[in-house]
Amino acid sequence: MKDDMDKIVSLSDGDRTVELQKYLSSLSNDQLTTVLTNGALKGKKVGTMIKGIFKGSPSSSTEGSTRRLLVYQHCIPLCESGDLQTEVAADIIGLLMLETHTLPGPSLAKLASLFVEAIKVGKMGSGKSLELFPTVLTALSACEALSYGKGELSGEEYKKQLINSLCSSRWDPQCVIHLTTMFRDVPLSSEELQFLVEKVLRMFTKLDLQEIPPLVYQLLLLSAKGCKKQVLDGIICYFKEQDVRQEEELKHGESLDLEVQSIPQDQLRHVEGTVILHIVFAIRLDHELGREFLKNFKTSYGDLCPFSVALLLSVARIQRYEEQVFDLLKGSIVKSFKDEQLQQGSKFLQDLLPGPCSVDHMILDTVKNSVFGWDHVTQGLVQLGFSLMDAFGPKPGPFGKTIEGASTIARTPTQQACKLGGQVLLQGFKMHEPIRGEILEQVLNRLGTKTASPVNHYLDLFSDIVVSAPMILLESSSKVTETFDHLSYLPLSTVQGLLKAVQPLLKFSMSLKDALILVLRKAMFSSQLDGRKSAVTGFLLLLKNFKVLGSLASSQCSQAASSSQVQVDVHSRYNSAANEAFCLEILSSLRRCLGQQADVRLMLYEGFYDVLRRNSQLASSIMQTLFSQLKRYYEPEQDLLPPVKLEPCITALGDQVFLQEPLAHLLSCTTILESMTRRMIKSELEDFELDKSAEFSIGSSVGVRNSIYAVLVMGVYEILMEFTFIKANYSKNRFEELMELFNRYHKLSEILKEKSGKGRVPSNKTPRSLLSLGFISTLLTVLFRDSTQSREEALSVLRLSGEFVRYAVNVAVQKIQQLEESGHTDGPDGQNTDRTFRFLCDMTSVLMWRYTNIPSAVEDGGKKEKRSSLSLLCLEGLLRIFTTCQQRFPDRMVQLLSTMDVAEDDSEPDDGNATEMNFFYIRQFQRALFTQLSGGEEEFNSKEAQLLVSILTVLSRQLKPASQQFVQMITWTVKICKETSFEDSAFSKGLLSLLFSLHVLYKSPVSLLLELCQDIHSQLGDIDQDVEVEKQSHFAIVNMKTASTATLLVLSQVDRVLDEVDWLIAKKKSQAPSDTPGPGGATQTAGQQDPIEKAVTLQLGTLLTALNELVQTALLPGSCTITLLRDLSRTYTTLTTLVKYYIQVCASQPGGALPARLEKLVKLSGSHLTPQCYSFITYAQSGEMSAKLLRETKAIPNVIFSIEQYEKFLITLSKKSKVNLMQYMKLSTSRDFRINAASLDAALQEQDGSQEANESQEAEEKEEPKKKKRKQ
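Residues numbered from 1 in each chain as written. Predicted model: local features only at pLDDT ≥ 70, side-chain atom pairs only at ≥ 80, totals over all residues. Heavy atoms only, no water.

1. Examining the overall build of the protein chain
Counting secondary structure elements, the protein chain contains 55 helices and four strands. Evaluated residue by residue, the protein chain yields a buried proportion of 50% over its 1272 residues. Considering only residue pairs separated by 6 or more positions, the protein chain has 75% of its internal contacts joining residues 24 or more positions apart. About 59400 Å² of surface is accessible on the protein chain, with carbon and sulfur atoms providing 51% of the total. (Helix = DSSP H or I, 4+ residues; strand = E, 2+ residues; numbered from the N terminus. Buried < 20%, exposed > 50% of the residue type's maximum accessible area, 1.4 Å probe, protein only. Contact = heavy atoms within 4.5 Å. Areas by Shrake-Rupley, 256 points an atom, 1.4 Å probe, with all protein chains shown as cover.)

2. Some words on the confidence of the model for the protein chain
Summing up the model confidence of the protein chain, the mean pLDDT is 78 and the portion of residues at 70 or higher is 77%. Note on residues 552–574: pLDDT is under 50 here. Beyond four places in sequence and across chains, it has 45 contacts. Here residues 1255–1272 scores under 50 on pLDDT; set against residues more than four positions off or in separate chains, the count is seven contacts. (pLDDT = per-residue confidence, 0-100.)

3. A look at the environment of Met 721
Considering the arrangement of structural elements, one finds Met 721 in helix H35 (residues 701–728). On the basis of relative accessibility, which here comes to 2%, the residue Met 721 falls in the buried class. Residues contacting Met 721, with those up to four places away along its chain left out, are Leu 738, Leu 741, Phe 742, Tyr 745, Phe 775, Phe 804 and Tyr 807.

4. Describing the packing of aromatic side chains
Applying the stated rule across the entire model yields 20 aromatic pairs. Between Phe 882 and Phe 925 the ring centres are 6.3 Å apart and the planes differ by 85°, which places this aromatic pair in the edge-to-face class. One end of the pair, Phe 882, is in helix H41 (residues 870–888); the other, Phe 925, is in helix H43 (residues 911–934), and 43 residues separate them in sequence. Both residues of the pair, Phe 882 and Phe 925, belong to the buried class. Aromatic pair Phe 940 and Phe 987: ring centres 5.3 Å apart, planes at 65°, arrangement edge-to-face. Separated by 47 residues along the polypeptide, Phe 940 in the loop between H43 and helix H44 (942–956) and Phe 987 in helix H46 (residues 985–999) bring together distant segments of the chain. Under the relative-accessibility criterion, Phe 987 is labelled buried at 0%. (Phe/Tyr/Trp six-rings, centres within 6.5 Å; stacked < 30°, edge-to-face > 60°.)

5. Remarks on the packing of helix H27 (residues 510–524) against helix H28 (residues 529–545)
Closest axis-to-axis distance for the H27/H28 pair is 8 Å, and the angle between their directions is 140°. One way to sum up the angle between H27 and H28 is to call them oblique. Viewed along their axes, H27 and H28 form a crossing whose handedness is left-handed. From H27, Leu 516, Ile 517, Leu 520, Arg 521, Ala 523 and Met 524 reach across to H28, where they touch Gly 531, Arg 532, Ser 534, Ala 535, Gly 538, Phe 539 and Leu 542. Looking at the contact of H27 with H28 residue by residue, the class counts come to eight nonpolar, three polar and two charged. (Axes fitted to C-alpha atoms, helices over the stretch in contact; angles between N-to-C directions. Parallel < 35°, antiparallel > 145°, perpendicular 65-115°, else oblique. Left-handed = near helix turned anticlockwise from the far one by under 90°. Nonpolar A, V, L, I, M, F, W, Y, C, P; charged D, E, K, R; others polar.)

6. Considerations on the side chain of Asn 918
Along the chain, Asn 918 turns up in helix H43. Relative accessible area serves as the criterion here: at 3%, Asn 918 is assigned to the buried category. In this view, Asn 918 contacts Leu 897, Leu 955, Gln 958 and Leu 959; residues no more than four positions away in its chain are not counted.

7. Regarding a nonpolar patch on the surface
A cluster of nonpolar residues, Tyr 217, Leu 221, Phe 281 and Leu 285, forms a patch on the protein surface that exposes about 390 Å² of accessible area. When contributions to the nonpolar patch are tallied by element, the ones reaching two or more residues are helix H12 (212–222) and helix H14 (265–285). Mapped onto the fold, Leu 285 is located in helix H14. (Patch = residues over 30% accessible without salt bridge, like charges linked within 9 Å, V, L, I, M, F, W, Y side chains within 5 Å. Salt bridge = Lys/Arg side-chain N within 4 Å of Asp/Glu carboxyl O.)

8. A few points about the pattern of salt bridges
Per the stated rule, a full pass over the model turns up 26 salt bridges. Between Asp 351 and Lys 347 there is a salt bridge; the shortest N-O distance is 2.8 Å. Here Asp 351 and its partner Lys 347 are both found in helix H18 (residues 347–352), four residues apart, which amounts to about one turn of the helix. Using a relative accessible area of 25% as the deciding quantity, one classes Lys 347 as partly exposed. As a salt-bridge pair, Asp 599 and Lys 533 come within 3.5 Å of each other at their nearest N and O atoms. Pair noted here: Asp 599 is in helix H31 (residues 598–614) and Lys 533 is in helix H28, with a separation of 66 residues, a long-range link. If you follow the salt bridges from partner to partner, you end up with Asp 1055, Asp 1059, Asp 1062 and Arg 1130 in one network.

9. Thoughts on helix H38 (residues 792–799)
Taken together, the buried positions of H38 are occupied by Ala 794, Leu 795, Val 797 and Leu 798. In an axial view of H38, the angular spread of the buried residues amounts to 140°, which keeps them on one side of the axis. (Arc of directions from axis to C-beta.)

10. Section: the pairing of strand E3 (residues 650–653)
Here four bridges tie E3 to strand E4 (residues 656–659), and the two strands are oriented antiparallel to one another. Within E4, the residue paired with Ile 650 across the bridge is Leu 659. Hairpin connection, E3 to E4: the antiparallel pair is bridged by two residues, and Gly 654 has positive phi, about 65°. (Pairing = 2+ DSSP bridges.)

11. With respect to the nonpolar core
Soluble globular proteins tend to bury their nonpolar side chains together. Residues Trp 171, Leu 590 and Phe 925 are the most contacted members of the largest nonpolar core, which totals 347 residues. Not counting residues within four places of it along the chain, the set of residues in contact with Phe 925 comprises Met 848, Leu 875, Leu 878, Phe 882, Leu 948, Ile 951, Leu 952 and Leu 955. (Core = buried A, V, L, I, M, F, W, Y, C linked by side-chain atoms within 4.5 Å.)

12. Comments concerning the packing of helix H25 (residues 477–484) against H27
Interhelical geometry of H25 versus H27 gives an angle of 10° and a closest axis separation of 9 Å. Considering their axes alone, H25 and H27 lie roughly parallel with respect to each other. Contacts between H25 and H27 involve Ser 477, Val 480, Thr 481 and Phe 484 on the former and, on the latter, Leu 512, Ala 515, Leu 516 and Val 519. A breakdown of the residues in the contact of H25 with H27 according to their chemical character gives six nonpolar, two polar and no charged.

13. Describing helix H11 (residues 190–203)
Over its 14 residues, H11 runs 20 Å from end to end, which matches the ideal 20 Å to within 8%, given 1.5 Å per residue. For H11, the full list of buried residues reads Glu 192, Leu 193, Leu 196, Val 197, Lys 199, Val 200, Leu 201 and Met 203. (Expected span 1.5 Å × (residues − 1).)

14. Regarding unusual backbone geometry
At Tyr 730, a position not held by glycine, the phi torsion is positive, near 60°. Tracing the backbone through its elements, the reader meets Tyr 730 in the loop between H35 and helix H36 (732–756). Judged by its relative accessible area of 22%, Tyr 730 falls in the partly exposed class. Notably, Lys 1218 is not glycine yet its phi reads approximately 60°, a positive angle.

15. Examining a negative patch on the surface
Taken together, the side chains of Glu 937, Glu 938, Glu 939 and Glu 983 define an acidic patch exposed on the protein surface. Its location among the elements puts Glu 939 in the loop between H43 and H44. (Lys, Arg positive; Asp, Glu negative; His and termini not counted. Charge placed at Lys NZ, Arg CZ, Asp CG, Glu CD.)

16. Observations concerning the environment of Lys 1194
Looking at where Lys 1194 falls in the secondary structure, it is placed in the loop between helix H52 (1187–1193) and helix H53 (1195–1217). Its relative accessible area of 53% is what places Lys 1194 among the exposed residues. Put simply, Lys 1194 and Arg 1126 are 68 residues apart on the chain and 9.3 Å apart in space, counted from C-alpha to C-alpha.

17. Details of the state of the cysteines
With the rule as written, the count across this model stands at zero disulfides. The cysteine Cys 237 is free of any disulfide, with Cys 305 supplying the nearest cysteine sulfur at 8.4 Å. Residue classification places Cys 237 among the partly exposed positions, given a relative accessible area of 38%. (Disulfide = S-S within 2.5 Å.)

Here you go:
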């Protein structure tokens, strides 16, 4: 054999071609292949030998080309066998590539088939010889004609057949990567490329996870030829499915079948990270790929998943895409929250579409996944978190004021987006060490620089960071210290939040505490009032949190941040003796405040109460300080009246008078109240120069001074009342003293109301009460519910005074209102949410009992006209409590309701009981409202009925729409609306609003709107006075007096329905035409119409019928007419959108028939609504409606424009669908030039009469009146 090889080589080298040909002809095929095999295995001279064989086998002769083919057919499997050295195999393939073009067509066809068969049976494992395949295919496509079966095909067609056959066959997973690499060199048409990409993407699931990144890399290189969208979609889709499977496995754990091969989570995440890097690298090099990637997300927001979010954030590191990516993510997050809100608020949408996938879960999953070494994603996460918080955080109120105590629950989509930003940053901070410094720095920077807008969301984030990782923060304490330096320049609310958040750190860091004290001392001398207030806040916080030995344990302990990781040796470094010295030092600093403005003193007095509750050992020092302060205003001589000097409590600056000392607050902190009470009871108003003759007008300085005195004295009375009640221990004499104090308080309060109201509307605004919430809660309980025999006599003193009882309930309502608006109340425990909630529960129970057990009819009728009865006040209190609880403590509503009858220490009822309990109270209020309504119109108390409806509205929000109780509630509401015919528009507004808010969660409200519109038409009559309207009354609540209110409510619901319809059409439009089982396609019958399209058409159909009733109604000029015109304009715009959607469908599916329902809808709009619209426009212009109002709102031109736009697109749709939709449209006359004959005759007659009368006058004088008449 060796001889054969040497012979071939020597003949080839010696250029003896003829001899070489003869020699080769003498060898049989087997001999030739054996020579080739041996030569290849030894690896010596094999290249030269193959060259020799080619030299001696001219492609022009049949024998030569057959031999050449034999060499190819033998060498290809040889190279794949893996027996050859890599270099040898590469050399052989290289040589074969050079000679491929010389092979004739049939040989190439055989060779290509060999490759295809080898791939099908999986013999292309190493992929070495695959490099040759593109060359074969290229040569093949250049052939003129090849026999195929019984006929002939061109080379190009033959190549297409081969690729089709290849992509349709089964691929061995081992060779997928080799094949993908190979196809990069094959010239492919766009169809072939698409076919190929689909095949490769289908193979993803069959491959081992580790092989995915190199395959993705090859696919991305292949995408340079085209199919970019398909490649990216396929990759993202694969990882989306893997994540879902992973999640399910984690959720179900072992319950899943063990045969299912689960992928280790860390392995999957590492592969995802690598793939992301590959894609980002490809996008850097190929901007077309980047554009396609972003375009893809812009069109389909809903397709986000944790993997695609991570990918987007990595792409954001490329500068040119950064802004686009964050805008896109912010947009999709807010859109997702809006969609979710829209769907949750509408049963119609919930039935039609599956629930949306929540974007917040996806983004937080991305944060979780990024732990697996996704450094390229973490930077993007930080940026995303801050851009969400910056863009969607709370905005400043009017005049740059921050809105106090914004609700902590994220309700609107923007609030949810802001909250999500905070969660991303907090989770990122916990998980990723490298970004902690940056997050902290950015949060603190924003706290320091955003002084004009609210920063509550950043304070919450900072506080969460402190609690979750105090020790990590201590490492960056220099950043916190830096922020302290700006403390005196920051708004007070920011300072309070910041110090509260930082407080757990102060116990573990001496340097931080020292830095803070230094800053606070400086702030004490700040020229800004806010700076000094900040100092007081800081010092009080320190006093509260540094316990002195022997202090009583308080119910509320300091924050639970001292977790196990913070076990610093606190006792050795901060023992309680050092704490005491520290606290006394702070107290000496605070004494300086006693000479400052009233605001600063007020903070100090209110703060001392909390300090003493936490640090009782400081009592003597604090009391000493307060006594020395009180001496300035207290009359020590026991016989002198009054016991307080008011003069030093105010200060004058020019003509203006200011309060200098909040005396009542100062008194509330001290204990020398016994003699004070005695002497205040003896003092008359004249002693304070505050009798009826005193002046209280705001205009003069004397009036202002007296008003300040009055408020101070009333405050002192209130403080003494609370003190007396606590000390009385239910003694009758002490309660009589309390009533004496109240009578004086009440007298002064009445004078103040009467005097300050002079010259203006009487002012009922009482000054903010100084009674504490806890005291009011106790007082209400003993006034209404305490039946202890021994206390009966003493309590009757308080109960017999109607004014005192009303005052107690009034103060309760005022406190609850303050809690609702700002989240806390004045006075002791006002900031403590747990205690506040307990007081709320107690008050709810009492007010509920008082309202249900003593009907308002029993109360004396004489006072009912003048102001609200006690029952009404109780109801108002209940409404405010329920509203506050829903806003501030949404999770504890059940607890609130359960305390009404259940003992407080009972365990919370389960979910079923919660609904039952809620419904129990709903029934109580329903009964009360029914009693109101069944008493006849003269007995009807509108204010009470409105409050009851408001309470029912709040409580019904707690019901689950799927529950039986909800259905009972809605049935009851419908019944009341149908049967109540009181002419009270405020009550009917509340009741109809309740009906709509329930109905929309039960089913679509369009049928309800239609009935209401028929009732309104029937009540108000037709625009054509000659037309007799058929008397209909579905809902008795709609009558002449309430029809306008009902119209506005109905129109607001019409807006809501149009919003939903617009949203659905937009959703259908965004789906690719290929996904849409649209109305087109010959196979689709009317019965198979897409459910969303069907629902939209039906909604609009009923809506048009309802509006058809309204446009024929003689509505009153003003807001009803304007709103109706606006809604008509919107309706036509929505119809236009629907028509545009069908134009899009017709374009993508030519020859498809339009659904019959759409034709009916167009007919309804054209033949019924449009003509009536034009009549209504004429009615609106000719009625009493001010032309100016119509002109300013541009309502009429807008309606006409939207009708014409609708008709314009209908013409386009008619052409596209070959259905004449315009046959239903009538030409309008509304814009034609109209001459009103009757008006013209009257004007002419008037003009003739005036001419006869004025004939004797001069010409110029005659000219003017004529001109005026012509104008008329």
